[in-house]
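An overview of the molecular structure
The residues making up each chain are set out below.
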Amino acid sequence: MGPVGFDLDMTLIDSRPAILAAFAGLARDTATAIDPAAVDSRLGIKLEDELVFWYPPDQRAEAAVTYRRHYVRLAEQMTTAMPGAHEALAAVRAAGERVVIITAKHPISVEPSLRATGLRADEVFTFVHGPEKAVVLSRINAAAYVGDTPPDMAAAIAAGITAVGVATGSFNRDELARAGADMLLDSLEGFPAWYRSVA
């Protein structure tokens, strides 16, 4: 088949508590009103793209540094593996294929997130989102991409591979289906059986 790409936030890991707590810390430090529900509705985009909603251009770089300082401190305490995540990665490896994490997260934030959950990838691509993920998927000749957002589905489609939507993030099955998901899962617990049927 080929390598299988996985998104990280809200696909393999439940990073929502750490993300929202880090934004709360950022809001306190900068005396800025940040709506956690609005942040939650866009989980999966790059931090720098989220900061556009809350800070003028000249304040965003410093805000990103402050946010990441909070996130790195909180990630190991507040991040957990999604149900079925370990089993999903094991299923790919059992078929003799590689597990590749492709995420919008900054490298400094990926390491504590993986350490907290014990998840391990054969290769990790960071700080890529949307069409950038499609470029990576094509470059590694991936067979499928597993993610929780419509941009994840669009990336798989653009790369000409199977789009697997997991409704564990901010988007439901219908939204992922409209985005073009070839396979829909309520959680990664359903991934091994599906993967074995197509591998």
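The structure reproduced in this document is the subject of the present report. (Residues numbered from 1 in each chain as written. Predicted model: local features only at pLDDT ≥ 70, side-chain atom pairs only at ≥ 80, totals over all residues. Heavy atoms only, no water.)

Describing the nonpolar core
If you look at the biggest cluster of nonpolar residues, it comprises 45 residues, and the most contacted ones within it are Phe6, Leu12, Phe23, Leu188 and Phe191. Of all hydrophobic cores here, the second largest spans 19 residues; its members include Val128, Ile140, Ala159 and Phe171. (Core = buried A, V, L, I, M, F, W, Y, C linked by side-chain atoms within 4.5 Å. Buried < 20%, exposed > 50% of the residue type's maximum accessible area, 1.4 Å probe, protein only.)

Concerning the pairing of strand S6 (residues 144-147)
Each regular strand carries side chains that alternate between the two faces of the sheet. Burial along S6 is two-sided: the residues Ala144 and Val146 and Tyr145 and Gly147 are all buried. The sheet contact formed by S6 and strand S7 (residues 162-166) spans four bridges and is parallel. From the neighbouring strand, alanine 144 faces S7, where its bridge partner is threonine 162. (Helix = DSSP H or I, 4+ residues; strand = E, 2+ residues; numbered from the N terminus. Pairing = 2+ DSSP bridges.)

Description of the side chain of glutamate 50
Considering the arrangement of structural elements, one finds glutamate 50 in helix H3 (residues 47-51). Residue glutamate 50 is classed as buried on the basis of its relative accessible area, which comes to 3%.

Focus on helix H4 (residues 57-78)
Its 22 residues give H4 an end-to-end C-alpha distance of 30 Å, which sits within 8% of 32 Å, the value for a rise of 1.5 Å per residue. A maximum bend of about 30° is found in H4 at valine 72. Listing the buried residues of H4 in full gives Ala63, Ala64, Thr66, Tyr67, Arg68, His70, Tyr71, Leu74 and Ala75. Structurally, H4 contributes buried residues whose contacts are with helix H1 (16-30), H3 and helix H6 (107-117). (Expected span 1.5 Å × (residues − 1). Bend = angle between axes of the 7 residues up to and from the residue. Contact = heavy atoms within 4.5 Å.)

As for the sheet that holds strand S1 (residues 4-6)
Taken in spatial order, the six strands line up as S5-S4-S1-S6-S7-S8 in an open sheet, and their pairing is parallel. Single-partner strands in this sheet number two, and they are strand S5 (123-125) and strand S8 (183-185). Going across the sheet, the axis of each strand differs from the next one's by a mean of 20°, ignoring polarity. Sheet analysis places strand S4 (residues 99-102) next to S5, joined by three bridges and oriented parallel. Looking across to S5, one finds that isoleucine 101 is bridged to valine 124. Here helix H8 (residues 150-159) sits on the sheet and contacts S6 and S7; the angle it forms with S7, its principal contact strand, is near 170°. (Axes fitted to C-alpha atoms, helices over the stretch in contact; angles between N-to-C directions.)

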